[in-house]
Amino acid sequence: HMFDGATLTLGFIQCGVRHQRRKVVVRAHIGHVGDSLFALSSMPGRVAITPSHSVTHHQKDVEWIMDEYQRLNGEPCKRARHYLYTRSPFYGLSLTRALGDKNDLLIRKPEVKSYEAELNQAVMLFATDGMLQVEQPVKPQVNRVLQQIRTGKTVKVLGEEMEQKMDNVTLISVRYPPSPIYLKD
């Protein structure tokens, strides 16, 4: 039997001035493993999203896992839509990268990348896979959620609505004001 591990999306957020363009920007340094996600939108419709390390979306990782399983166990690993399995599709892997899987088969190396956007337009989102419907493209779903956050909907309300339709979900968002706030001493 194969069992998934835990996912992790970790961010270090910086705000600063780009001297060349004289723009105030937010920069997010993201480490990511699994099917939870980070998204940064600089304006409606433009979004950068971490890749999903799932069987559905990461074919290169799937091929490595299937070869490695064959090498270690002398038997092939099978694929059924969103899962890799050995004897029963009820006991399989849905992730290609995670932390702490039972069989030490998943790739543990995170993808690390930096994202940047103008501060006065930035909306960031950390979310678990419960936000997404598996059969739907990821980017339009994320854009829809980011647009709702832009218009003032809270992640608490969004999360409650999503849990009624799908898997459990955790959402964290950061939305910067339209202009920087300066405080007097």
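Please refer to the structure placed before this passage.
A brief structural summary. Along each chain, residues carry numbers from 1 onward, in the same order as the chain's sequence is written. Totals for whole chains, interfaces and linings use all residues, but because this is a predicted model, local features are given only for residues with pLDDT of at least 70 and pairs of side-chain atoms are given and counted only at 80 or more. Hydrogen atoms and water are omitted, and side-chain values are computed over all heavy atoms in the structure.

**So, a nonpolar patch on the surface**
Argument step 1. Residues enter patches when they are more than 30% accessible in relative terms and free of salt bridges; like-charged ones are connected within 9 Å and nonpolar ones (Val, Leu, Ile, Met, Phe, Trp, Tyr) within 5 Å. Only the protein chains shown count as cover for residues, with accessible areas throughout obtained via the Shrake-Rupley method and a probe of 1.4 Å. Salt bridges are identified by distance alone: a Lys or Arg side-chain nitrogen within 4 Å of an Asp or Glu carboxyl oxygen. On the surface, a cluster of nonpolar side chains totalling about 260 Å² of accessible area is made up of Leu8, Leu10 and Leu99.
Argument step 2. Only DSSP runs of H or I covering at least 4 residues are called helices, and only runs of E covering at least 2 are called strands; the numbering of each starts at the N terminus. Relative to the helices and strands, Leu10 is located in strand 1 (residues 8–18).

**A closer look at the nonpolar core**
Argument step 1. Core analysis: the largest hydrophobic core is formed by 16 residues, its most contacted members being Leu125, Met131, Val142 and Leu171.
Argument step 2. Among the elements of the structure, strand 3 (37–43), strand 9 (123–127), helix 2 (138–150) and helix 3 (155–165) are those that each provide at least two residues to this core.
Argument step 3. Looking at this core element by element, the count peaks at four residues for helix 2.
Argument step 4. Note on definitions: a residue-residue contact is assigned when non-hydrogen atoms from the two residues lie within 4.5 Å. Look past the residues within four positions of Leu171 in its chain and what remains in contact with it is Leu125, Phe126, Ala127, Met131, Val155, Leu158, Gly159 and Met162. Throughout this description, the term nonpolar core refers to a set of buried Ala, Val, Leu, Ile, Met, Phe, Trp, Tyr and Cys residues connected via side-chain atoms within 4.5 Å. Categorising residues by exposure relies on relative accessible area from a 1.4 Å probe, with only protein chains included: less than 20% of the type maximum marks a residue as buried, more than 50% marks it as exposed, and the intermediate range marks it as partly exposed.

**Details of helix 2**
Argument step 1. The end-to-end C-alpha separation of helix 2 is 18 Å, in line with the 18 Å expected for 13 residues at 1.5 Å each.
Argument step 2. Those residues of helix 2 not exposed but buried are Gln141, Val142, Asn143, Val145, Leu146, Ile149 and Arg150.
Argument step 3. Gly152 occupies a position one or two residues after helix 2 and carries a positive phi of about 105 degrees. The span you would expect from a helix comes to 1.5 Å times its residue count less one.

**Overview of the packing of aromatic side chains**
Argument step 1. For Phe, Tyr and Trp, where Trp contributes only its six-membered ring, two rings pair if their centres lie within 6.5 Å, and the inter-plane angle classes them as stacked under 30 degrees, edge-to-face over 60, or tilted in between. In the structure shown here, the tally under the stated rule is two aromatic pairs.
Argument step 2. The interplanar angle of 50 degrees and the centroid separation of 5.6 Å between the aromatic rings of Phe38 and Tyr115 together place this pair among those described as tilted. Of this pair, Phe38 sits in strand 3 while Tyr115 is found in strand 8 (residues 111–118), placing the two residues 77 residues apart along the sequence. Each member of the pair, Phe38 as well as Tyr115, carries the same accessibility label: buried.
Argument step 3. Between Phe38 and Phe126 the ring centres are 4.9 Å apart and the planes differ by 55 degrees, which places this aromatic pair in the tilted class. One end of the pair, Phe38, is in strand 3; the other, Phe126, is in strand 9, and 88 residues separate them in sequence.
Argument step 4. On the accessibility criterion, Phe38 (0% relative accessible area) is buried.
Argument step 5. On the accessibility criterion, Phe126 (16% relative accessible area) is buried.
Argument step 6. Among the aromatic residues, those joined into a cluster by ring pairs are Phe38, Tyr115 and Phe126.

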